[in-house]
Each structure stands twice: as structure tokens, then as C-alpha cells.
Amino acid sequence: MAATSAGRVLALCKQFHNVVRISSTIPSQNTGICLTKSSLARPNLLAGAACHICPVVQCRPLHTTISRMGLEEFFDLPDNWGESTVKSGAPWTVTLLRSKSNEELHKLWYLLLKEKNMLLTIEQEAKRQRVSMPSPERLKKIERSMQRLDKVVEERETALRLLQTGQEYARPADWRRNLFGKVVWHRFREYAIPWYMNATYKRRRFYTPSFVKPHIRLRMEKNLRTRARQADLEKKQLAKLKEKFPQMKASS
Amino acid sequence: YPLYQLGNPQLRLFRPNWALTLVRPGREQPSDTVQFRIPMEMTKCDVKNYLEKVYSVPVGAVRTRIQFGSNKKRNHLNQKVKQPDYKVAYVQLAQDQVFVFPDIFVEKSSEEGEGSMEQMQKQFMEDEKQRQRGDPRRAGVTEWFGL
């Protein structure tokens, strides 16, 4: 969000949720192949609101015009060009994100995405010019915020799915025994034909043949051996320490 | 991606996880061409829609290529180290628009504040130089000799 500092505050400020209420009246238009119209809705409620909560937020005069030149948003605000550090707030936490509505999360996702694109552009240009990037920790913050947003959305989706259909997982899966004697969580793939018409699928074996038994036995022996060795080692170390420090309490 | 069969609805992606990086072109490009590094899974149509929807940039044409990352360099253990492959997209803007890659890392002339670090450092360096210089009355003759 190069041109609008409102978006910058939104993307990175931790405590601003008390101040900002993203207007959810802008309808999202689902046209074309892939993407919905992003959160070009400027949070006009930010204008005039004092950033008194998060002291790290850059209190710049906020404006709410939609940026015309789209490619400018791939770069930082021109005031920040040439600075060695750029101030930014804390990343979004899970508790904060859970308090937001779905529309707000949707818009926040696009803000974070644009910020991430901007930071990646700056990083690449810094590598090109052989100069250090100003405040590289912003990338990590954005990455973590996006992961947490994903987590929250997934939680909501699973809850809805459980209530509506009783299914725990979106993708069907099951416990299956594989060729090596291990029971694995096999996630199903999507096919156009049923499994009994699929020749390659029928060649796959979801049982353990009898000639694998010696291998399984050897594997078990190996596991037991390593575990026994580990336990012995720990006992020896404890004994050595006890010899050196007799008053030592038995710790793990 | 979910399976597509004739009559299925158009595939729609909400909250795409694809990050685009605007890069400075290595070779001279026409003035309306913008160069991006995109994730390998994206296609030309994806790039076009992404830019149009998320950034509202009018896109004319998109051409992509995959850049092979070298596997030639070796580390201190003489193992080959692979540089990751990446996809490059050349986007031509519509409506006769022109894009110039800006100079982001222009050196700003820093004004020395009163108690600032730069001021103190400069003063210290000047003091050191002053100590190194000999007596100005000897006009550059070394003090190693007597008198």
C-alpha cells in the first residue's frame, strides 16, 4: 500500500482494531477467472482517528483516495526511499484476528499481500544495488500475520463444516496400511472415474505382503536398540553428574 | 487444483497466496514493459487477472519464461548448491502507459544534528587527524631529526 498510508497502518499496526472499523459495505465482485475485487475500500473511518493506542504507528496525515497508478504500490512511500530503517508496528495476533469479521479478514488479506509484494520488490532491488534492505523484519511480520489469518479462516471453515455436515476434514482421507507395514493417513485424490475403473489405482497395494515381515522385525529391533542406547546414555550422564555433584537433585 | 470437467463452473481463487516481485530488467526493455518474478504455479492469465483485480493496472499482454537457477556452485563441502528456479513475467501495459523503474536507494544527504552520532564521529576523526599532524611551524619537515 504505497500510496495510502491508511493501508500501511492497517497492515502493520497491532492495536488499531479499537480505532478502525473496516467498512463492510463495499460489495466484492467476483468476475473473471481467479480473483475477487480486492480491498480497495479505503477504511475511511481512519481519517481523523487518533492513533493513540499503538505508539509505534507512524501518525501521518491519512487520506482515503484510491491510488490511481497501481504500480506505485509495489514501492514504498517516496519519503521512505533512502532511509536506513522504516518504523512498523507489531504483527497481527490470532486473538486479534479472531475478533474480525470475514469481510474484514478478506480485505486484510489483500492489504497484507500488497505489503508483502512491496517488501519483496524492495528486497530484490536492494540485492541488485548491493545495498542493505531497510527493516527486513517487516517481511517476517507480514508472513506470520498471513499465516495466522489463514489459520483463523481455516478454523472458521472447519467449525462451519462440522456444524453443517459433520465432516472433520475438507479433503476425504482415511487410515491405510502401506507396503512397509506402516499405517498412514492416506489423503484421497480427485478422479473423474470411480476407483474400480482406475487401473493404476488398482495396482497400488494397501496391505503389507508377507515377505516384508523380516524387514519390519529388523526395523523394530533397530528402534528398540536406539531407544535403549539413548536411555543408557542418559543414565550414564546422570551418574557422572551425581558423582561430581552429590547434592544434585535428580533432574530430567 | 480441483478437477475440471465440461460444464463445471469457472475456477475462482479467493485470497491468493501468490506474491509478485517487481524487478529491474537486466536487459533493456520497451518502456511499457514491466518485469516481474512470479511463483512457478502462476500462468499468464493468472498474472493478468491478478494485476487487474488487486492492483487495477490495465494489462495488455503477458509473456512468461522459467529461469533455471544454477546448480554449478559448490559449498565448502564441495557439494553442489542449487539456486532456486523462478518464473519471470514480462507484462506490457495497455492504454499507452509507460513505466520507469524508480531509484529507491538514492543517498539522502544527512544533516548533522547537534548531539547526533554523525556529528560526534566526525569530530572524533578530525581530532585524530589533528593529533597526527606535526607542528605547523616546521612546514611539513618531519620531527625525527633534532631541532
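The preceding data block contains the structure.
Just so we're clear, the structure is a prediction, and the values are computed from it rather than from any experiment.

A look at the overall build of chain A
Within chain A, the secondary structure is distributed over six helices and two strands. Taken from N to C terminus, the helices and strands of chain A fall in the order α-α-α-α-β-β-α-α. Counting every position in chain A, which comprises 252 residues, the buried fraction comes to 35%. For chain A, the computed accessible surface area is about 16,200 Å², with 56% contributed by carbon and sulfur atoms.

Observations regarding the packing of helix α3 (residues 102-129) of chain A against helix α4 (residues 137-164) of chain A
Residue and element names in this part refer to chain A. Where α3 meets α4, the axes come as close as 10 Å, and the angle between the chain directions of the two elements is 155°. Judged by the angle between their axes, α3 and α4 are roughly antiparallel. Our pair here, α3 against α4, has a crossing hand that is left-handed. Counted together, Asn102, Leu105, Leu108, Trp109, Leu112, Leu113, Glu115, Lys116, Leu119, Leu120 and Glu123 of α3 and Arg138, Leu139, Ile142, Glu143, Ser145, Met146, Leu149, Asp150, Val152, Val153 and Arg156 of α4 form the full contact between these two elements. Class assignment for the residues of the contact of α3 with α4 results in 13 nonpolar, two polar and seven charged.

Observations concerning a positive patch on the surface
Together, Arg171, Arg187, Arg189 and Arg204 of chain A make up a region of like positive charge exposed at the surface. Overall, the relative accessible area of 60% leaves Arg189 of chain A in the exposed class.

Thoughts on the interface of chain B and chain A
Of the residues lining the interface, 43 residues belong to chain B; the matching set on chain A comes to 45 residues. The contact between chain B and chain A buries some 4,100 Å² in all, and 62% of this surface belongs to carbon and sulfur atoms. When the area that chain B buries against chain A is broken down by residue, the three leading residues are Arg15, Tyr55 and Phe105 of chain B, summing to 21%. Connecting chain B to chain A are two salt bridges. Between Arg15 of chain B and Asp150 of chain A there is a salt bridge, with its nearest N and O atoms 3.0 Å apart. Where chain B packs against chain A, one counts 13 residue pairs in polar contact (both at pLDDT 80 or more). Counting residues per element, the ones that place at least two in the side of chain B that touches chain A are β1 (21-23), β2 (33-38) and α1 (44-54) of chain B.

Quick look at the environment of Ala90 of chain A
As for its position among the elements, Ala90 of chain A is in the loop between α1 (5-12) and α2 (94-98). When the C-alpha positions of Ala90 of chain A and Arg138 of chain A are compared, they lie 9.0 Å apart, and in sequence the two are 48 residues distant.

A word on the environment of Phe68 of chain B
All names here are of chain B. Along the chain, Phe68 turns up in the loop between β3 (59-67) and β4 (86-93). For Phe68, a relative accessible area of 55% gives the class exposed. Distance from Phe68 to Lys87, taken between C-alpha atoms, is 8.6 Å for residues 19 residues apart in sequence. With sequence-adjacent residues up to four places away left out, Phe68 is seen in contact with Lys82 and Asp85.

Considerations on the pattern of salt bridges
As enumerated under the stated definition, the model contains 13 salt bridges over all chains in all. Arg138 of chain A is the salt-bridge partner of Asp76 of chain A, the closest N and O atoms lying 3.5 Å from each other. Here Asp76 of chain A, found in the loop between α1 and α2, pairs with Arg138 of chain A, found in helix α4; they are 62 residues apart in sequence, far enough to count as distant. A relative accessible area of 5% places Asp76 of chain A in the buried class. Residues Glu52 of chain B and Lys48 of chain B are paired through a salt bridge, measuring 3.7 Å at the closest nitrogen-oxygen approach. One end of the pair, Glu52 of chain B, and the other, Lys48 of chain B, are both in helix α1, four residues apart, so they sit about a helical turn from each other.

The rules behind each value
- Every chain's residues receive numbers from 1 upward, in the order its sequence appears when written.
- Note on labels: chains are lettered from A, ligands numbered from 1, in written order.
- With the structure being a predicted model, the display of local features is reserved for residues of pLDDT at least 70 and the display and counting of side-chain atom pairs for 80 or more, all residues being used for whole-chain, interface and lining totals.
- Neither water nor hydrogens contribute to the side-chain values; these are computed over all heavy atoms in the structure.
- Comment: elements are numbered from the N terminus, with helices defined as DSSP H or I runs of at least four residues and strands as E runs of at least two.
- Relative accessibility decides the category of a residue: with a 1.4 Å probe and only protein chains considered, values under 20% of the type maximum give buried, values over 50% give exposed, and everything between is partly exposed.
- Computed by Shrake-Rupley with a 1.4 Å probe, the accessible areas treat only the displayed protein chains as cover when residues are assessed.
- Helix axes are fitted to C-alpha atoms over the stretch in contact, other axes to C-alpha atoms as well, and angles between N-to-C directions run from 0 to 180 degrees.
- By the definition adopted for this analysis, an angle is roughly parallel if under 35 degrees, roughly antiparallel if over 145, roughly perpendicular if from 65 to 115, and oblique otherwise.
- By definition, any crossing whose near helix is turned counterclockwise from its far helix by less than a right angle is left-handed, and any crossing with a clockwise turn is right-handed.
- Contacts are residue-level and defined by heavy atoms, with any inter-residue pair within 4.5 Å sufficient.
- Ten residue types, Ala, Val, Leu, Ile, Met, Phe, Trp, Tyr, Cys and Pro, are classed as nonpolar, four, Asp, Glu, Lys and Arg, as charged, and the remainder, Gly among them, as polar.
- Each patch is built from salt-bridge-free residues with over 30% relative accessible area, joining like charges within 9 Å and nonpolar side chains (Val, Leu, Ile, Met, Phe, Trp, Tyr) within 5 Å.
- We define a salt bridge as a side-chain nitrogen of Lys or Arg found within 4 Å of a carboxyl oxygen belonging to Asp or Glu.
- Asp and Glu are treated as the negative residues and Lys and Arg as the positive ones, with His and the ends of the chain left uncounted.
- Each charge is placed at NZ for Lys, CZ for Arg, CG for Asp and CD for Glu.
- Put simply, buried area is the surface a 1.4 Å probe can reach on two separate parts but cannot reach once they are joined, added for both.
- Any pair of nitrogen or oxygen atoms within 3.5 Å is treated as a polar contact; in protein, a donor-acceptor pairing is required on top of that, and neighbouring residues in sequence qualify only through side-chain atoms on both sides.

Remember, this is a structural readout, not a statement about activity or role.
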